[in-house]
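Topology and contacts: notes
Residue strings, one per chain:
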Amino acid sequence: IEAKKKKKHKKESCHSNGSAVEQDDAGRRELAYVLHTSGTTGFPKTVRVPHGCILPNILHLRSLFQMKPDDVVFLASPLTFDPSVVDIFLALSSGAQLLIVPNAIKKMPNRLAELLFNDHKTTVLQVTPALLLRFGHRILKQDVLSCGSSLRVLALGGEACPSPALLESWRHEDNKTKIYNIYGITEVSCWASCYRIPESYLTLQTSHSTVSAVPLGTPLMGTVVEVRDERGCVVSEGEGQIFIGGEDRVCLLDDEDTVVPGTMRATGDWVNVKDGQLHYLGRRDRLIKRNGKRVNLDSLQQVLLSLPQVEACAVGLHQGFRLLAFVVSGGADGDLKKLILSQLSLLLPAHSVPDTLVLVPALCLTAHGKVNMEALVRVYEKQRQCLESSQRNRSELRQILQTLWRDTLNLAVDVAIDEKSKFLFSGGDSLKALHLCEDILTAVGVTSPELLEVILDGTFSDIVNHVARARGILEHENSQSTPSQAKRRHVESTSQVLEKRVRKDWTAAESLQVEKQAVKVIRRGGEVIEMNIRYTEDDKTVQNQLLGERESCGEADLGLSLSWSSDTGRCVDASPVLLVQNGADHRSDLFKATVFIGSHSHRIQALDVATGNLMWERVLGDRIEASAAVSHCGALVVIGCYDGCVYFLCTETGKTQWVFETGDAVKSCPAVDPLTGLVVVGSHDGYVYALNSEVQKCVWKCHCGGGAVFSSPRLHASRRQVYAASLGGRLLCLSIDSGDVLWSYCRDTPFFSSPNCFSEHVVIGSVDGHICCFSNTGKLLWQFLTKGPVFSSPCITSDQQRLLCGSHDGCLYCLNCADGSLIWTFQTTGKVYSSPFVFDGSAVGRRGSLVGLASTDGTVWILDGKDGRMLASHTFPGELFSSPVVWESSLLVGCRNDYVYCLRLSVKEET
């Protein structure tokens, strides 16, 4: 009370620089915390923050965000950055959870997204735009701002808010996250204004037309926001600098002992006031002149970010005159720089186009999550030095890599590094490998999506060879390759053929042995592929057992019990693929069954179906959602990865035989042509590729007319056709041999479901809820409407009379293939995302066919194929998006609790 009385006798200073006027001891209030500014509003400062200054922020934002005890708040900022105070007390004062993760995890976007939105269901996220962009467009749309994202509140502050068009491109059209633009400075800790971005701003029509920038919003509780021109006069329309203050919203800076209540602090940020709203222009030092014309560097960044090739970017001046643009792109290097600069030339006047475009693997950030321009300029200078020193030879490159290797592993400078040293065996781990990868890419000035794999699996010599080829340095000295080998490697196109491992030389005897083996591949949707089976009459019994021709044991009751499980380290969304082979002596009744499955941990595992023993494990370049395939000879397992690569691995050892790079993530399961061995696979770059692993080249590729290819191609080998579908709503029929489009069908909604074919028909599920059937000429024959989106892929019974397909409405539908009429339906306790699996019940004592099914609530069901009656069920402690696969009496499925499971189907004993 006394303090308020004395305030009445004080006059507020009207100096335009916002300097404080001396005040007596009544102005000294109890401090909540002390921290240092990052210097973005001038020189770094020490800021002492009273309780009365920060408390209004927490109370108002808690109300705006409608905080509840069941919220999960991610502590994104370090404790040296004042938004961390808001995060902490928003959670604690609401009884909510505060999620704290190690700093190392924050540098791994895929793993961080998994942890935030799959493992812990984060609901409130307060970050800088630069830190958010670390996720990349793909993760933003599929995890952070997905249709079913747990995130309620996304508050963006600390930097200029992205444009509505850019925000719209990051989010799924059905996303419900509330997005806020928050603004403030540490000198008036913490936030000063807040603007809830209306849903109308984030629609496709609005975001690309009338709304170009997000306003700063209205002042928060107890805060005064003014805009003043260069003379210190308040501006109601037009441009000016923001000043922030308030009666209690005052902090002590540096050596200030007292300060006048209501003091207004200059921010250094300039805005345009229009219709009562403040639109951010940038800092004064971000408004430059080139060739006598004004250039707003922040506006230039927004234009760059709007380009489809740009994941993230930063723009700055080098030595006061050279305009640099640092770009993170998911595409290959190639002509990317030329493409981006040509697009900018069409969008901007000549004086606004950057002089130099620098490709970087990731933007350098400060500890507070803001773009570190000084560090980026150092990257540019290093790259320029490398270009100017083009005579740098292999020996000097080796010295650089040795230094980085020692630094990462904390080795002394005099420690010798053997050429055959392996990183993981030298004291490294996956996290250190990631750091080494980033350091090499930055120091050497190259982009290479496969370098991490080389570090994890190869020797030091392999790393040197790989980086040398990426930089175009020929292997002169210390090379064990023959001249012809070095020449061949030099002329290979790295855009098509990535780093090759030493391949196993298959002898004629080994090849003959493989050919004589019975190779059977079992995949989701009941797909069974039999290859290279050469039997004599004496082998008929074994063949019958392999093909499941057994006598039924009647109508015995079934049970499901856990046989084994394997921890993959992260969520398992991929479906199992089984490779079944008889022994070298194929007259024996012993079969070798191996399951291959990948997970979000970047790992692919090969497991023995009978015991669950791990046969081998590989760590690939990014997370794996795609299911695998097996080559027509049974020697290679083929799998797609989020890093945009298709990996060809030895089925026996997991060793890399070939890696093919597409333009974006590969979530599509490959299809294998049994006649030619061609591997056909889709990519999120919108193409379908036909790959020949024997000669290691792409035979053809076909663009699917718009949208990523998420689903898996389906081959009709006898007709020499392949069917592919895209998220752009297109279903295409292609020639297997040439890739020519034979016909296409366009729908307004995406196809997540994979096509299937039988006789002269093609069937597929659609997001609009229909299960559609087409003729082999592309004519729509019939469609059946479910009550939810269909992501499940149709499964056809062996007699080709019935079709089974799941829906998000939780039902499995059994339809007549001829006319699409409903035969029966089964209601699960969750959604049906995965594909059903139809199998012969004789192996487990049942006549006729059975159906294996998984629902997203974690339940596996066994149904009678005739009428849909439930015969058995088992519930796992995690969601199921993986499709079950059955062989003999084993059912295998992946779970989002990080495990792959094997269940045993058995006949229940009578009691």
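It should be emphasised that the depicted structure is a prediction, and the values quoted were computed from it without experimental measurement. (Residues numbered from 1 in each chain as written. Predicted model: local features only at pLDDT ≥ 70, side-chain atom pairs only at ≥ 80, totals over all residues. Heavy atoms only, no water.)

Comments concerning the overall build of the chain
- Within the chain one finds 19 helices and 53 strands.
- Taking all 911 residues of the chain together, the buried fraction comes to 56%.
- Sequence-distant contacts, at least 24 apart, represent 55% of the contacts inside the chain between residues at least 6 apart.
- Counting every atom, the chain has about 38400 Å² of accessible surface; 50% of that belongs to carbon and sulfur. (Helix = DSSP H or I, 4+ residues; strand = E, 2+ residues; numbered from the N terminus. Buried < 20%, exposed > 50% of the residue type's maximum accessible area, 1.4 Å probe, protein only. Contact = heavy atoms within 4.5 Å. Areas by Shrake-Rupley, 256 points an atom, 1.4 Å probe, with all protein chains shown as cover.)

Some words on empty space enclosed by the protein
- Under the counting rule described, the total for this entry stands at 6 cavities of 30 Å³ or more.
- The calculated volume of the largest cavity comes to roughly 100 Å³.
- Put simply, the parts of the chain that give the lining of the largest cavity at least two residues each are α5 (109–119), β5 (124–127) and α6 (129–133). (1 Å grid on protein atoms, 1.4 Å probe; cavity = no way out; pocket = protein on both sides within 12 Å on 5 of 7 lines; lining within 4 Å. Points joined across faces, edges and corners; volume = space filled by probe spheres on them.)

Quick notes on helix α2 (residues 51–64)
- Under the 1.5 Å per step criterion, the end-to-end length of α2 is 20 Å for 14 residues, consistent within 8% with the ideal 20 Å.
- Considered for burial, the residues of α2 that qualify are C53, I54, P56, N57, I58 and L61.
- Contact partners of the buried residues in α2: β1 (31–36), β2 (46–50) and α3 (83–92).
- Downstream of α2 by a residue or two, Q66 has a phi angle that is positive, lying close to 50°. (Expected span 1.5 Å × (residues − 1).)

Thoughts on the state of the cysteines
- A full pass over the atoms with the stated rule returns 0 disulfides.
- As a non-bridged cysteine, C814 has C817 as the owner of its nearest cysteine sulfur, 8.4 Å distant. (Disulfide = S-S within 2.5 Å.)

Some thoughts on the pattern of salt bridges
- Under the criterion given, the structure shown has 26 salt bridges.
- In this structure, R896 and E879 form a salt bridge, with 4.0 Å as the shortest nitrogen-oxygen distance. Within this pair, whereas R896 is found in the loop between β52 (890–894) and β53 (899–907), its partner E879 is found in the loop between β50 (870–875) and β51 (885–887), the two being separated by 17 residues in sequence.
- Note on E879: relative accessible area 33%, which makes it partly exposed.
- The network of salt bridges with common partners includes E114, D143, R623 and E625. (Salt bridge = Lys/Arg side-chain N within 4 Å of Asp/Glu carboxyl O.)

Thoughts on the sheet that holds strand β7 (residues 178–183)
- Judged by pairing direction, the sheet is mixed, and its 7 strands sit side by side in the order β4-β3-β5-β6-β7-β8-β9 without closing on themselves. In the strand order of this sheet, the two ends are held by β4 (97–99) and β9 (218–219), each with one partner.
- Summarising the sheet, strand β8 (residues 193–196) and β9 pair through 2 bridges and their orientation is antiparallel. Counted as the bridge partner of C194 is T218 from β9. (Pairing = 2+ DSSP bridges.)

Examining the pairing of strand β11 (residues 238–245)
- In terms of burial, β11 is a largely internal element, 6 of the 8 residues being buried.
- Bridge count for strand β10 (residues 224–228) against β11 is 5 bridges, and the pairing is antiparallel. In the strand pairing of β11, V227 is matched with I242.

Examining the sheet that holds strand β40 (residues 761–765)
- The sheet built from 4 strands is open, its strands ordered β39-β40-β41-β42 with antiparallel pairing. Edge positions in the open sheet fall to β39 (756–758) and β42 (780–785), since each of these has one partner strand only. Averaged over all pairs of adjacent strands, the angle between their axes in this sheet comes to 20°, without regard to strand direction. (Axes fitted to C-alpha atoms, helices over the stretch in contact; angles between N-to-C directions.)

Considerations on the environment of I54
- Along the chain, the position of I54 falls in helix α2.
- Taking the C-alpha atoms as reference points, I54 and A32, 22 residues apart in sequence, are found 8.1 Å from one another.
- Discounting chain neighbours no more than four positions away, the residues touching I54 are A32, Y33, V49, V85, V86, S189 and C190.

Quick look at helix α11 (residues 336–347)
- If you check α11, its first and last C-alpha atoms are 17 Å apart, about what 12 residues at 1.5 Å a residue would give, namely 16 Å.
- Turning to α11, its buried residues number three or more, namely L336, I340, Q343 and L344. The arc that holds every buried residue of α11, seen down its axis, measures 100°, which confines them to one face. For α11, the exposed residues set more than 90 degrees away from the buried face come down to K338 and L346. (Arc of directions from axis to C-beta.)

A look at the packing of α2 against α3
- Following both chains from N to C, one finds α2 and α3 inclined at 55°, their axes separated by 10 Å at the closest point. Between α2 and α3, the angle falls in the class oblique. The way α2 lies across α3 gives a crossing that is right-handed. Of α3, the residues touching α2 (which contributes I54, N57, I58, L61 and R62) are V85, V86, F89 and L90. (Parallel < 35°, antiparallel > 145°, perpendicular 65-115°, else oblique. Left-handed = near helix turned anticlockwise from the far one by under 90°.)

A closer look at the packing of aromatic side chains
- Applying the stated criterion to the full structure yields 21 aromatic pairs.
- With 4.3 Å between their ring centres and 25° between their planes, F876 and Y901 make a pair best called stacked. One end of the pair, F876, is in the loop between β50 and β51; the other, Y901, is in strand β53, with 25 residues separating them in the sequence.
- Looking at F876, the relative accessible area reads 5%, which means it is buried.
- A relative accessible area of 8% places Y901 in the buried class.
- Above the ring of F243, the side-chain terminus of R228 is found at 4.3 Å from the ring centroid.
- Note that K701 overlies the ring of Y687, its terminal NZ or CZ placed 4.6 Å from the centroid. (Phe/Tyr/Trp six-rings, centres within 6.5 Å; stacked < 30°, edge-to-face > 60°. Lys NZ or Arg CZ within 6 Å of the ring centre and 35° of its normal.)

Examining the side chain of N57
- As for its position among the elements, N57 is in helix α2.
- Residue classification places N57 among the buried positions, given a relative accessible area of 0%.
- In this structure the side chain of N57 is engaged in a polar contact, spanning 3.2 Å, whose partner is the backbone nitrogen of C190.
- Here N57 is in contact with V86, S189, C190, W191, L220 and R249, once residues within four sequence places are set aside. (Polar contact = N/O pair within 3.5 Å; in protein donor to acceptor, adjacent residues only side chain to side chain.)

What to know about the nonpolar core
- In this structure, L132 and L304 are the most contacted members of the largest nonpolar core, which totals 66 residues.
- Residues from two domains meet in this core; each of domain 1 (31–204 + 211–283) and domain 2 (291–392) gives at least three.
- Ignoring sequence-local partners within four residues, the contact set of L304 consists of V310, C313, V315, A325, V327, I340 and L344.
- One finds V580, A593, Y901 and C902 within the second-largest nonpolar core, a separate group that totals 36 residues. (Core = buried A, V, L, I, M, F, W, Y, C linked by side-chain atoms within 4.5 Å. Domains from an automatic or database assignment.)

What about a nonpolar patch on the surface?
- A grouping of L55, L59 and M221 is seen on the molecular surface, where their side chains present a nonpolar patch of about 250 Å² in accessible area.
- Position of M221 relative to the elements: it lies in the loop between β9 and β10. (Patch = residues over 30% accessible without salt bridge, like charges linked within 9 Å, V, L, I, M, F, W, Y side chains within 5 Å.)

Details of unusual backbone geometry
- Residue C190 is bonded to the preceding S189 through a cis peptide linkage, with omega at 0°.
- Within the secondary structure, C190 is located in the loop between β7 and β8.
- The residue S759 is not glycine, and still its phi comes out positive at about 50°.
- Among the secondary structure elements, S759 is positioned in the loop between β39 and β40.

A look at the packing of α5 against helix α7 (residues 136–144)
- Between α5 and α7, the shortest axis-to-axis distance is 11 Å and the interhelical angle comes to 15°. When the interaxial angle is binned, α5 and α7 end up roughly parallel. At the point where α5 passes α7, the crossing takes the right-handed sense. In contact with P109, N110, A113, F117 and N118 of α5, α7 contributes I139, D143 and V144.
- Considering only residue class, the contact of α5 with α7 consists of 5 nonpolar, 2 polar and 1 charged. (Nonpolar A, V, L, I, M, F, W, Y, C, P; charged D, E, K, R; others polar.)

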